[in-house]
Amino acid sequence: MASKLILSMDGLVLKEIPLTKERTTIGRKPHNDIQIDNLAISGEHSVIVTILNDSFLEDLNSTNGTYVNGQPIKKHFLQNNDVVELGKYKLKYINETPSQTTAADFEKTMVLRPDLMKKTVEQTAAKSPSMSDTQIGMKAVDTHTGMAPPSQAAASATPPPQAVAPGAIQILTGASAGKELELTKNLTTLGKPGVQVAVITRRPHGYFITHVEGVNFPVVNGTTLDTHPRELKDHDVIELAGVKMEFFFKS
């Protein structure tokens, strides 16, 4: 079952909107995918990014804000039956398909900072010869508080069967140049919250990078991405949040 939104006002259902696009914009201006012609709604109010079975809602610095289940949000991982409130209008999110990730996965974005990379690598190198998210310095930070948790083990998940070879990224710049991160999860979030965030998704036919947050879009092989997902090829060079990295397939 594909995810959808049910638009209503004062308890009256106005229409159902299937989330068939990777990026669905909401706002007062006519060019939005979901246009709500009301002065309480900003011209470009918010956006929903849908990747695989998951949808992420982001407020686009709207005047009156975006609310989910009565709480103001900047960035939110949508779950079945969530109610998005925009002025007097409500958008109920319906998705009965099992999710590929969790709210915690989206709320904690891996930050690429050379100083954190170097410190974490030195601390964990003696513990285990294997590489993980934390070992190359992808340190998770709570996007609401900006603080890292006291301790956090690398997320583990059993990858589903796939037709493509396992992918990885290698850091090219900074103190941890040369370190590798295996893309073992269906969705890996990279970047700096509030500055530039992208996700790399693993699909049966390949790996794709999609812009999620930030004014500046990631760059692949010198070309700036647009709002659509970009399939990653072997040895593509990604520039994200001031860090260069290379995507490659592991043999």
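Structure: above.
What counts as what
Residues numbered from 1 in each chain as written. Predicted model: local features only at pLDDT ≥ 70, side-chain atom pairs only at ≥ 80, totals over all residues. Heavy atoms only, no water. Helix = DSSP H or I, 4+ residues; strand = E, 2+ residues; numbered from the N terminus. Buried < 20%, exposed > 50% of the residue type's maximum accessible area, 1.4 Å probe, protein only. Contact = heavy atoms within 4.5 Å. Areas by Shrake-Rupley, 256 points an atom, 1.4 Å probe, with all protein chains shown as cover. Pairing = 2+ DSSP bridges. Axes fitted to C-alpha atoms, helices over the stretch in contact; angles between N-to-C directions. Polar contact = N/O pair within 3.5 Å; in protein donor to acceptor, adjacent residues only side chain to side chain. Salt bridge = Lys/Arg side-chain N within 4 Å of Asp/Glu carboxyl O. Core = buried A, V, L, I, M, F, W, Y, C linked by side-chain atoms within 4.5 Å.

## With respect to the overall build of the protein chain
Along the backbone of the protein chain there are two helices and 23 strands. In the protein chain, which comprises 251 residues, the share counted as buried stands at 45%. Restricting to contacts in the protein chain with at least 6 residues of sequence separation, those with at least 24 account for 46%. On the protein chain, roughly 12400 Å² of surface is accessible, and the fraction owed to carbon and sulfur atoms is 52%.

## Remarks on the sheet that holds strand β11 (residues 89-94)
Strand order across the open sheet formed by six strands is β2-β1-β11-β10-β7-β8, with antiparallel pairing between neighbours. Lying at the two open borders of the sheet, with one neighbouring strand each, are β2 (12-18) and β8 (71-73). Within this sheet the neighbouring strands show an average axis-to-axis angle of 30°, counted without direction.

## Structural notes on the sheet that holds strand β20 (residues 223-224)
Reading across the sheet, the six strands line up as β15-β14-β23-β22-β19-β20 and stay open at both edges, with antiparallel pairing between neighbours. Every interior strand has two partners, whereas the edge strands, β15 (180-182) and β20, have only one.

## Description of the side chain of Thr 50
The topology assignment puts Thr 50 in strand β5 (residues 46-51). At 3.0 Å, the side chain of Thr 50 and the side chain of Ser 55 are in polar contact. Beyond its immediate chain neighbours, meaning those up to four positions away, Thr 50 contacts Leu 19, Lys 21, Glu 22 and Ser 55.

## Focus: the pairing of strand β22 (residues 237-240)
Judged by which residues are buried, β22 turns out to be one-sided: Ile 238 and Leu 240 face inward and are buried, whereas Val 237 and Glu 239, on the alternate face, are not. Alignment of strand β19 (residues 219-220) against β22, held across two bridges, turns out to be antiparallel. Paired with Val 220 across the two strands is Ile 238, which belongs to β22. Pairing geometry for β22 and strand β23 (residues 243-249), over four bridges, is antiparallel. Counterpart to Leu 240 in the pairing with β23 is Val 243. Where β22 folds back on β23, the antiparallel hairpin that results is connected by two residues, among which Ala 241 adopts a positive phi of roughly 50°.

## A closer look at the side chain of His 45
Tracing the sequence through the fold places His 45 in the loop between β4 (34-35) and β5. Polar contacts involving the side chain of His 45 include one to the side chain of Thr 66, which spans 3.4 Å. Aside from chain neighbours lying at most four places away, what touches His 45 is Ile 26, Gly 27, Ala 40, Asp 59, Leu 60, Ser 62, Gly 65, Thr 66 and Leu 86.

## Remarks on the pattern of salt bridges
Applying the stated criterion to the full structure yields six salt bridges. For the salt bridge of Glu 16 with Lys 4, the shortest nitrogen-to-oxygen distance reads 3.2 Å. Pair noted here: Glu 16 is in strand β2 and Lys 4 is in strand β1 (residues 4-9), with a separation of twelve residues, a long-range link. For Glu 16, a relative accessible area of 48% translates into the label partly exposed. Arg 203 serves as the salt-bridge partner of Glu 22, at 3.1 Å between the closest nitrogen and oxygen. Here Arg 203 lies in strand β17 (residues 196-203) and Glu 22 lies in the loop between β2 and β3 (23-27), a separation of 181 residues in the sequence. Judged by relative accessible area, Arg 203 falls into the buried class, the value being 12%.

## A short note on the nonpolar core
Soluble globular proteins tend to pack their nonpolar side chains together in the buried interior. If you look at the biggest cluster of nonpolar residues, it comprises 19 residues, and the most contacted ones within it are Ile 169, Ile 200, Ile 209, Ile 238 and Met 245. Looking at this core, the elements with two or more residues in it are β14 (167-171), β17, β18 (206-213), β22 and β23. Broken down by element, this core gets its largest block of residues, three residues, from β23. Those residues in contact with Ile 238, other than ones at most four positions away along the chain, are Ile 200, Ile 209, Val 219, Val 220, Leu 232, Val 243, Lys 244, Met 245 and Phe 247.

## Here's the deal with the pairing of strand β16 (residues 187-192)
Most of β16 sits out of view: five of its six residues are buried. With six bridges connecting them, β16 and β17 associate as antiparallel partners. Its bridge partner lying in β17, Leu 190 is registered against Ala 198.

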